[in-house]
Amino acid sequence: MITPEYYKGYTQLAGNESIVQKLEDQLSAYTRLLESISDDKWDHCYAEEKWSVRELVLHVTDTERIFNYRALRIARHDQTPLPGFEQDDYVPVSDADHRSSDSLIEEFNTVRAATISLFRSFRKDIYALTGVASGGTFDVECLGKVIIGHLEHHKNVLQERYLG
């Protein structure tokens, strides 16, 4: 697996389970976690200048969309280098704090279902295809594991700092 240094923490959190199986497992577990959050916690920020729960959930969803797009482009042999994105620019304009928790959960579920469908469609050899994004070289397998690990990271933050 080809992983830029910055993303190794996420790929380590992904473990060695099949990408599709882990994506499916996370879908149900993360949805249950989000549904268990009381209404008064959705606007909570654990520190000044930190995201609310709503913003964190939408950040996870937005990031998954971006990494899906990267995986699709690489899987289709598109060798155009893909730009990075600045997560801190996305959150303030996301309007997450004006969304219902149900709409944020539904959107995550929709995006994750698309992620599962995309990665399920890839033949095993597709996982080894490489491309450049954010100035680093990725293979499709790495992108799947980054999606998994990114969610694991934010799930841990959510449980420890917001709900703990």
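Caption draft 1: The arrangement of the overall build of the chain in detail. Looking only at helices and strands, one finds 6 helices and 2 strands in the chain. Counted from the first residue to the last, the chain has its helices and strands arranged as α-α-α-α-α-β-β-α. The globule rule puts the C-alpha radius of gyration for 164 residues at 15 Å, and the 16 Å found for the chain is close to it. Taken along the three principal axes of its C-alpha coordinates, the chain extends 45 × 30 × 25 Å. Counting every position in the chain, which comprises 164 residues, the buried fraction comes to 48%. Long-range contacts, defined as pairs at least 24 residues apart, comprise 80% of the intrachain contacts of the chain with a sequence gap of at least 6. For the chain, the distance from the average position of its 18 positive side-chain charges to the average position of its 27 negative side-chain charges is 7 Å.

Caption draft 2: Looking closely at helix α2 (residues 19–35). Here α2 contains 17 residues, and its C-alpha end-to-end distance of 24 Å stays within 8% of the 24 Å for a straight helix at 1.5 Å per residue. Here the buried face of α2 lies against α1 (8–14), α3 (53–75), α5 (101–121) and α6 (140–162).

Caption draft 3: Fine view of the packing of α3 against α5. α5 packs onto α3 with a crossing angle of 20° between their chain directions and a minimal axis gap of 10 Å. Between α3 and α5, the angle is such that the two are roughly parallel. Once α3 is placed against α5, the crossing between them reads as left-handed. Together, Arg 54, Val 57, Leu 58, Val 60, Thr 61, Glu 64, Arg 65, Asn 68, Ala 71 and Leu 72 of α3 and Ser 101, Leu 104, Glu 107, Phe 108, Val 111, Arg 112, Thr 115, Leu 118 and Phe 119 of α5 make up the contact between the two elements. Grouping the constituent residues of the contact of α3 with α5 by class yields 10 nonpolar, 4 polar and 5 charged.

Caption draft 4: Summary view of the packing of α2 against α6. Running from N to C, α2 and α6 point in directions that differ by 20°, and their axes come no closer than 11 Å. Of the possible angle classes, the one that applies to α2 and α6 is roughly parallel. When the axes of α2 and α6 are compared, the crossing they make is left-handed. Listed contacts from α6 to Ile 19, Lys 22, Leu 23, Gln 26, Tyr 30, Leu 33 and Leu 34 of α2 are Glu 141, Gly 144, Lys 145, Ile 147, Ile 148, Leu 151, Glu 152, Lys 155, Leu 158 and Gln 159. Grouping the constituent residues of the contact of α2 with α6 by class yields 9 nonpolar, 3 polar and 5 charged.

Caption draft 5: Molecular detail of the pattern of salt bridges. The full count for this structure, using the stated rule, is 10 salt bridges. One salt bridge connects Asp 43 with Arg 54, and the closest N-O pair in it is separated by 2.7 Å. Here Asp 43 is found in the loop between α2 and α3, whereas its partner Arg 54 is found in helix α3, with 11 residues between them in sequence. Taking relative accessible area as the criterion, Arg 54 reaches 11% and is therefore assigned buried.

Caption draft 6: Structural detail: unusual backbone geometry. Residue His 77 is not a glycine yet carries a positive backbone phi of 65°. With respect to the helices and strands, the residue His 77 is situated in the loop between α3 and α4 (87–90). Overall, His 77 belongs to the exposed group, its relative accessible area being 54%.

Caption draft 7: Structural detail: the packing of aromatic side chains. Here the structure, examined in full by the defined rule, presents 11 aromatic pairs. Their ring planes at 80° and their centres at 5.0 Å tell us that Tyr 6 and Tyr 7 sit as a pair that is edge-to-face. Summarising the aromatic geometry, the rings of Tyr 30 and Phe 108 are spaced 4.8 Å apart at their centres and angled 70° between planes, so their arrangement reads as edge-to-face. With Tyr 30 in helix α2 and Phe 108 in helix α5, this pair connects stretches of sequence that are 78 residues apart. Note on accessibility: Tyr 30 and Phe 108 belong to one class, buried. Three or more aromatic residues joined by ring pairs form one cluster here, namely Tyr 6, Tyr 7, Tyr 10, Phe 67 and Phe 138. One cation-aromatic arrangement involves Arg 70 over Phe 67; the distance from NZ or CZ to the ring centre is 4.7 Å.

Scoring rules and cut-offs
- Residues numbered from 1 in each chain as written.
- Predicted model: local features only at pLDDT ≥ 70, side-chain atom pairs only at ≥ 80, totals over all residues.
- Heavy atoms only, no water.
- Helix = DSSP H or I, 4+ residues; strand = E, 2+ residues; numbered from the N terminus.
- Rg over C-alpha atoms; globule rule 2.2 N^0.38 Å.
- Buried < 20%, exposed > 50% of the residue type's maximum accessible area, 1.4 Å probe, protein only.
- Contact = heavy atoms within 4.5 Å.
- Lys, Arg positive; Asp, Glu negative; His and termini not counted.
- Charge placed at Lys NZ, Arg CZ, Asp CG, Glu CD.
- Expected span 1.5 Å × (residues − 1).
- Axes fitted to C-alpha atoms, helices over the stretch in contact; angles between N-to-C directions.
- Parallel < 35°, antiparallel > 145°, perpendicular 65-115°, else oblique.
- Left-handed = near helix turned anticlockwise from the far one by under 90°.
- Nonpolar A, V, L, I, M, F, W, Y, C, P; charged D, E, K, R; others polar.
- Salt bridge = Lys/Arg side-chain N within 4 Å of Asp/Glu carboxyl O.
- Phe/Tyr/Trp six-rings, centres within 6.5 Å; stacked < 30°, edge-to-face > 60°.
- Lys NZ or Arg CZ within 6 Å of the ring centre and 35° of its normal.

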